[in-house]
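Secondary and tertiary structure notes
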Amino acid sequence: MSDNSHVPISVFHDHWEEMLAGKKIGERPSSHRDRPAVSFRVLTEEDLVKIESVAPGSPAAKAGVRKGDVVTAFDGEKVTSQEKLLELMRGLGIGEKFVLTLDRNGESKDLNIRAVSLNRFLKQRDAEATKQPNNPKEPNKNKVQEQTAALDLFLDDYINGGVGKKQLKLTEEQLKKFGGMDRVLARIAERTGSNARVRAPQEDTTPGPPSALELFEETMRSGKVLELSPAQLGELGGNKGLARRVRERMAKLSKEERAIVGEKGPRIRLVDPFYYALIATVRPITAQAHPSVAEILVDDSPVSLATVITSDGWLLTSDENITKNEFTVRIAGKSYPGKRMESFPDRNLALLRVQANDLSPIAWSPTTTFDLGQLLFTPSHIGEPMGIGVVSVLPRPLKGMGLLGLRSGLIDGKLTVDSLVKKGAAEEAGILPGDHLLSLNGKPAGDPRNFARRIQGFSGGDEITIELEREGVKKTLQFPLGSRPAGSHSAAFIKMNEMSGPLSKKVSGYPLVLQHDIPLSPEQCGGPILNLQGQCLGINVARAGRVKTYALPLEELAPFLQKVAPTKKDDLDEDDIQAVRDLIDEVQENLSELQERLELLEAR
């Protein structure tokens, strides 16, 4: 889990019986960078560093370390805290020996321990855990019990109807589930004291559906899309097996055959019956929004969606993908020349206009509140569901992550500044290398990792207070944090975040956004997010991560809706007008409350 690795459910379906029997399936993903392992955990209790747990078979366990032991020294140097122990062990290498001094029930013990390779230790532990029993021919007792219980339930009707009065018919699947014909006959004899007439499954001569291999061969001949269920993909050897088959077949195709299939190989679509059943249930919800969702095309290529907000041609969309002044807006099958009337870069939002007077504006939700986990739906411009998700994070300002601009380490148990980023917030505030950081906003600074995490919890521009010690003199500094530049994440982080597709250009700096987990591409932003009633809760503006999409909530859109009141008042009755006014009043009250809260926070 530390590498964000997960096992697909299909693996459990394919190997469940083997796993029940204790067989190891697959390999543990090894870290790219091996490191030394001793494998015990500690906790601080009443100012004592105690052993919390010891991994079986680990170097610590083999040396005699036990749960409850108190660590007093490492290679002769006194241990006063978890942080101190971590600091002392940080320079340990694979194969290096050290002496761990423990207090066990008042008796001091020196244990000699040698650190080993973590990857090697984990592989050995996995191998030990999955060793076969001494008698591999002995059937799994739990499996036999499950088969017997299932068979007894099935036999109840047969026995209650009278043994010998009817023939018991079993399918091949039932025989497999109950453990075979011999077990069925033996169980009936055990329960009734007599033999039974059991009819074996008959061979079915009806032609069945084509096999996965037959579907694959047909695709390689016709160039049609290869649609496979997870089970059919497994028949072809999974993703790797399918890729191998494609490579081998493509190498044998002529130039004419390649033109039919495609130079890059066949198009493949994995069919998930549950997913399509779920999509079918929400289609009536998204279909309601069909006349209110537009597609934006630049040079005949789709670049974004847009949301119709008035009947007389006003729309809102995500701004960054509309790169030209001339573009086409397609709404409910009709095409209109579009014009960008105004851009709002801090929100990645644009106000568009088309010449039309009979459009269907989106139906807005009467409430501006959200619940974590609330279901959301996103419609396409033809009313099809593009995704189903939930509210991940409630609406919040999204300024850049706070940046202090220093490196630190533990020296004699104190968090000490190693170096400073030139012209960073720390340097500008007067912090110097060698300063000991004592507290952050009144709480102890802790170790380097904990301190860095706390800084990351602030946004750029947030005021912080740091207490430090310099040459025995304590100082208190109050200053604003800098902002971490966009795109300053590690290459590994960026690669992981883009695993399911490209991200939007603007992923931070929003005054207020709602975060949900519907995986939209940047070209699919600009459309609405809907609740279960098909009412619009906001407009998608950015794909910000692997499972992170940002939308501007209704309260953030209210000022823009006021800009474009319909030119024909007859289009709305007085109740509609009053409902919009009430909504605007509610939004303004919410904004006032947010402003007051912000002022209180800034005054602290």
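Residues numbered from 1 in each chain as written. Predicted model: local features only at pLDDT ≥ 70, side-chain atom pairs only at ≥ 80, totals over all residues. Heavy atoms only, no water.

Re the overall build of the chain
Rules: Helix and strand assignments follow DSSP, with helices taken as H or I runs no shorter than four residues and strands as E runs no shorter than two, numbered in order from the N terminus. Three exposure classes are used, based on accessible area relative to the maximum for each residue type with a 1.4 Å probe and protein chains only: buried under 20%, partly exposed in between, and exposed over 50%. Residue contacts are counted whenever heavy atoms from the two residues lie within 4.5 Å of one another. Calculation of accessible area relied on Shrake-Rupley with a 1.4 Å probe; when residues are assessed, cover is drawn exclusively from the protein chains displayed.
A count of helices and strands for the chain gives 17 helices and 32 strands. Looking at the 604 residues of the chain, the share that counts as buried comes to 36%. Of the contacts formed within the chain by residues at least 6 apart in sequence, a portion of 60% connects residues at least 24 apart. Accessible area of the chain: about 35,900 Å², with a carbon and sulfur share of 51%.

A few points about the confidence of the model for the chain
As a reminder of what qualifies: By definition, pLDDT measures how confident the predictor is in each residue, and it falls between 0 and 100.
Across the chain, the average pLDDT comes to 81, with 81% of residues at or above 70. Taking the mean pLDDT of every element in the chain, the minimum, 58, falls on strand 10 (residues 198-199) and the maximum, 96, on strand 30 (residues 528-530).

Observations regarding unusual backbone geometry
In this structure, Asn348 takes a positive phi of about 50 degrees despite not being glycine. Residue Asn348 is classed as buried on the basis of its relative accessible area, which comes to 4%.

Some details on the pairing of strand 31 (residues 536-545)
As a reminder of what qualifies: Note: two strands are recorded as paired if DSSP finds a minimum of 2 bridges between them.
Most of strand 31 sits inside the fold, with 10 of its 10 residues counted as buried. When strand 30 meets strand 31, the two strands line up antiparallel, connected through 3 bridges. Counterpart to Ile529 in the pairing with strand 31 is Gly538. What sits between the antiparallel neighbours strand 30 and strand 31 is a turn of 5 residues, in which Gly534 has the positive phi angle 80 degrees. Linking two consecutive strands that pair antiparallel, namely strand 31 and strand 32 (residues 548-553), is a turn of 2 residues.

Description of the pattern of salt bridges
What counts, and what does not: The salt bridge criterion pairs a side-chain nitrogen of Lys or Arg with a carboxyl oxygen of Asp or Glu, the two atoms within 4 Å.
A full pass over the atoms with the stated rule returns 15 salt bridges. In the salt-bridge network here, residues are joined through shared partners; they are Asp346, Arg347 and Glu556.

As for the environment of Ser58
By the element assignment, Ser58 lies in the loop between strand 3 (48-54) and helix 2 (59-63). Residue classification places Ser58 among the buried positions, given a relative accessible area of 0%. Taking the C-alpha atoms as reference points, Ser58 and Ala115, 57 residues apart in sequence, are found 9.2 Å from one another. Apart from residues lying up to four places away in sequence, Ser58 is in contact with Val38, Ser39 and Phe121.

A look at a negative patch on the surface
Cut-off, in case you're wondering: Excluding any residue in a salt bridge, patches collect residues exceeding 30% relative accessible area, merging like charges within 9 Å and nonpolar Val, Leu, Ile, Met, Phe, Trp and Tyr side chains within 5 Å. His is not counted, nor are the chain ends, whereas Lys and Arg count as positive and Asp and Glu as negative. Charged groups are reduced to one reference atom each: NZ for lysine, CZ for arginine, CG for aspartic acid, CD for glutamic acid.
Taken together, the side chains of Asp582, Asp585, Glu589, Glu593 and Glu596 define an acidic patch exposed on the protein surface. The partly exposed category is assigned to Glu593, whose relative accessible area is 49%.

Observations regarding a nonpolar patch on the surface
A cluster of nonpolar side chains, Trp16, Met19 and Leu20, forms an exposed patch at the surface whose accessible area comes to about 260 Å². Turning to its location among the elements, Met19 is positioned in helix 1 (residues 9-20).

Remarks on the side chain of Glu320
Where we set the bar: Identification of polar contacts relies on pairs of N or O atoms within 3.5 Å, with a donor-acceptor requirement for protein atoms, meaning one able to donate a hydrogen and the other able to accept it, and with residues adjacent in sequence counted only if both atoms are side-chain atoms.
Along the chain, the position of Glu320 falls in the loop between strand 15 (314-318) and strand 16 (327-331). Lacking a salt bridge, the buried Glu320 has Lys505 as its closest oppositely charged neighbour, with an N-O distance of 5.8 Å. From its side chain, Glu320 meets the backbone nitrogen of Lys505 in a polar contact 2.8 Å long.

Topic: the sheet that holds strand 17 (residues 334-344)
Quick reminder of the rule: An axis is simply a line fitted to the C-alpha atoms; with a helix, the fit covers only the stretch in contact. Between two such axes, the angle follows the N-to-C directions and lies from 0 to 180 degrees.
Ordered by their spatial adjacency, 6 strands build a closed barrel running 13-14-15-18-17-16, and the pairing between neighbours is antiparallel. Taking each pair of neighbouring strands and ignoring which way they run, the sheet shows an average axis angle of 40 degrees. Pairing analysis gives 5 bridges linking strand 15 to strand 18 (residues 349-353), with the strands arranged antiparallel. Residue pairing across strands places Thr317 opposite Ala350, the latter belonging to strand 18.

Some details on the packing of aromatic side chains
Our working definition: Two aromatic rings, drawn from Phe, Tyr or Trp (for Trp, its six-membered ring), form a pair once their centres lie within 6.5 Å of each other, and the interplanar angle then sorts them: stacked below 30 degrees, edge-to-face above 60, tilted otherwise. Our definition puts a charge over a ring when NZ of Lys or CZ of Arg is within 6 Å of the ring centre and also within 35 degrees of the ring normal.
Applying the stated criterion to the full structure yields 3 aromatic pairs. Judged by centre distance (6.0 Å) and plane angle (70 degrees), the rings of Tyr510 and Tyr550 are edge-to-face. Pair noted here: Tyr510 is in strand 29 (residues 510-516) and Tyr550 is in strand 32, with a separation of 40 residues, a long-range link. On the basis of relative accessible area, Tyr510 is assigned to the buried category, the value being 1%. Tyr550 sits in the buried class, given a relative accessible area of 3%. Taking the ring centre of Tyr510 as reference, the NZ or CZ of Lys506 above it sits at 4.8 Å.

Looking at a positive patch on the surface
A cluster of basic residues, Lys62, Lys97, Arg114 and Arg120, forms a positive patch on the protein surface. Tracing the backbone shows Lys97 in strand 6 (residues 97-104).

Re helix 3 (residues 82-89)
To be explicit about the condition: When we speak of the arc, we mean the arc of directions from the helix axis to the C-beta atoms.
The set of residues buried in helix 3 consists of Lys84, Leu85 and Leu88. In a view along the axis of helix 3, the buried residues occupy a sector of 100 degrees, so they form one face of it. The inward-facing, buried residues of helix 3 abut strand 2 (40-45), strand 3, strand 4 (70-74) and strand 5 (77-78).

Some points on the environment of Arg35
With respect to the helices, strands and loops of the structure, Arg35 is situated in the loop between helix 1 and strand 1 (36-37). Measuring from C-alpha to C-alpha, the distance between Arg35 and Ala115 comes to 9.3 Å, with 80 residues separating the pair along the chain. Discounting chain neighbours no more than four positions away, the residues touching Arg35 are Ile94, Val116, Ser117 and Leu118.

Remarks on the environment of Asp358
By the element assignment, Asp358 lies in the loop between strand 18 and strand 19 (375-379). Judged by its relative accessible area of 55%, Asp358 is exposed. A C-alpha to C-alpha distance of 9.2 Å links Asp358 and Thr310, two positions 48 residues apart in sequence. Other than its neighbours up to four places away in sequence, Asp358 contacts Ser311, Lys334 and Tyr336.

Concerning the packing of helix 8 (residues 212-222) against helix 10 (residues 238-252)
Put simply, the rule is: These descriptions rest on fixed angle ranges, namely under 35 degrees for roughly parallel, over 145 for roughly antiparallel, 65 to 115 for roughly perpendicular, and the rest for oblique. Whether a crossing is left-handed or right-handed is set by the direction in which the near helix is turned from the far one by less than a right angle, anticlockwise for left-handed and clockwise for right-handed. Nonpolar residues are Ala, Val, Leu, Ile, Met, Phe, Trp, Tyr, Cys and Pro. Charged residues are Asp, Glu, Lys and Arg, and all others, Gly as well, are polar.
For the pair helix 8 and helix 10, interaxial distance at closest approach is 12 Å and the crossing angle is 40 degrees. Judged by the angle between their axes, helix 8 and helix 10 are oblique. Crossing geometry of helix 8 relative to helix 10 is assigned as right-handed. Within the contact between the two elements, helix 8 uses Leu213, Phe216, Glu217 and Met220 and helix 10 uses Leu242, Arg245, Val246, Arg249 and Met250. Class assignment for the residues of the contact of helix 8 with helix 10 results in 6 nonpolar, no polar and 3 charged.

Details of the side chain of Thr378
Following the sequence through the fold, Thr378 ends up in strand 19. By relative accessible area, which is 0% here, Thr378 ends up buried. Apart from residues no more than four positions distant in its own chain, Thr378 is found in contact with Thr286, Glu384, Pro385, Met386, Gly387, Ile518, Leu520, Pro528, Ile529 and Asn540.

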